[in-house]
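The residues making up each chain are set out below.
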Amino acid sequence: MSEETHPGEVQTSVGTPDYMEKARELADSYPQLLARKQELKKQIDESRAWFYTKDEVIYKLSQGAHEQGERVKTSGTSNPVERTVLNCDKVLASMNREIQKRREEELFAPYRRVCEEVELFEIGLRSLRGQTQLVARQLFVQRKAIPTVEDGAGKPLGRKTVEAERERALERMAEILECKDRMRGGRQNGKTEYSGK
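Residues numbered from 1 in each chain as written. Predicted model: local features only at pLDDT ≥ 70, side-chain atom pairs only at ≥ 80, totals over all residues. Heavy atoms only, no water.

### Notes on unusual backbone geometry
Working step 1: Backbone geometry at R143 places phi at a positive 60°, although glycine is not the residue there.
Working step 2: Examined against the element boundaries, R143 turns out to sit in the loop between α4 (130–141) and α5 (159–183). (Helix = DSSP H or I, 4+ residues; strand = E, 2+ residues; numbered from the N terminus.)

Below you can see the structure in the form of structure tokens.
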């Protein structure tokens, strides 16, 4: 019986998360994550216009009230316009709750996931020291090709040195992911905290 794997989660054959693979994934996707974060932030700001105003609700309700104006009323208020105004706050709250639910599902939840992944990568990057951090910044943030990576003095580093520093950086980032996972309670129901989904 095999353990279920969740989208975005990389597991080894024994069912434990592969933090090294997750570190690689974060390093490879960092520029896209930053772009996605910015895009979602813009959409969140623009989505404030989705909410209904009191005037819009009164207008919508009054249209229906005028259409029903000739019918016999059984409620406490016989004037349809008065009933519309009395119901406005309740209807406004209900309509805006639906809008907020939609914003949460479509914008806020994905934004929080992206922010968490960006933060994880940046924590991992800040945990690096010396030449390892220098190489990681050039490869993962500045997106330089291996032959163009330089040391602190501006001299090109050899391919083997760059590749060794890259692996050292990814290993350290994987350790950070594992540590953060443990701090948050680790695996629960077969899913790691930092599975990406």
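Now that the structure is up, let's keep going.
### Examining the nonpolar core
Working step 1: F121, L139, F140, V162 and M173 are the most contacted members of the largest nonpolar core, which has 31 residues in total.
Working step 2: Those elements that place two or more of their residues in this core are α1 (19–46), α3 (80–126), α4 and α5.
Working step 3: Per-element tally for this core: the top contributor is α1, with nine residues.
Working step 4: Beyond its immediate sequence surroundings of up to four residues, L139 is in contact with K144, I146, V149, V162 and R166. (Core = buried A, V, L, I, M, F, W, Y, C linked by side-chain atoms within 4.5 Å. Buried < 20%, exposed > 50% of the residue type's maximum accessible area, 1.4 Å probe, protein only. Contact = heavy atoms within 4.5 Å.)

### Concerning the pattern of salt bridges
Working step 1: On inspection of all chains with the given rule, the structure shows 16 salt bridges.
Working step 2: Ionic pairing is found between E165 and R168, a salt bridge with its closest N-O pair at 2.8 Å. With E165 and R168 both in helix α5, this residue pair falls three residues apart, about one helical turn.
Working step 3: We classify R168 as partly exposed; its relative accessible area is 44%.
Working step 4: Residues joined in a network through salt bridges with shared partners are K22, E25 and E117. (Salt bridge = Lys/Arg side-chain N within 4 Å of Asp/Glu carboxyl O.)

### Section: the packing of aromatic side chains
Working step 1: One pass over the full model with this rule turns up two aromatic pairs.
Working step 2: With 4.3 Å between their ring centres and 35° between their planes, Y30 and F121 make a pair best called tilted. With a gap of 91 residues between them, Y30 in helix α1 and F121 in helix α3 connect regions that are remote in the sequence. The two residues Y30 and F121 agree in class, both being buried.
Working step 3: Consider the rings of F121 and F140, whose centres lie 6.3 Å apart with planes at 75°: the pair is edge-to-face. Linking F121 in helix α3 with F140 in helix α4, this pair joins segments that are 19 residues apart in sequence.
Working step 4: For F121, a relative accessible area of 1% gives the class buried.
Working step 5: The exposure class of F140 is buried, given its relative accessible area of 5%.
Working step 6: Site record: aromatic cluster; members linked through ring pairs are Y30, F121 and F140. (Phe/Tyr/Trp six-rings, centres within 6.5 Å; stacked < 30°, edge-to-face > 60°.)

Scope: geometric values only; no functional claims are made or implied.
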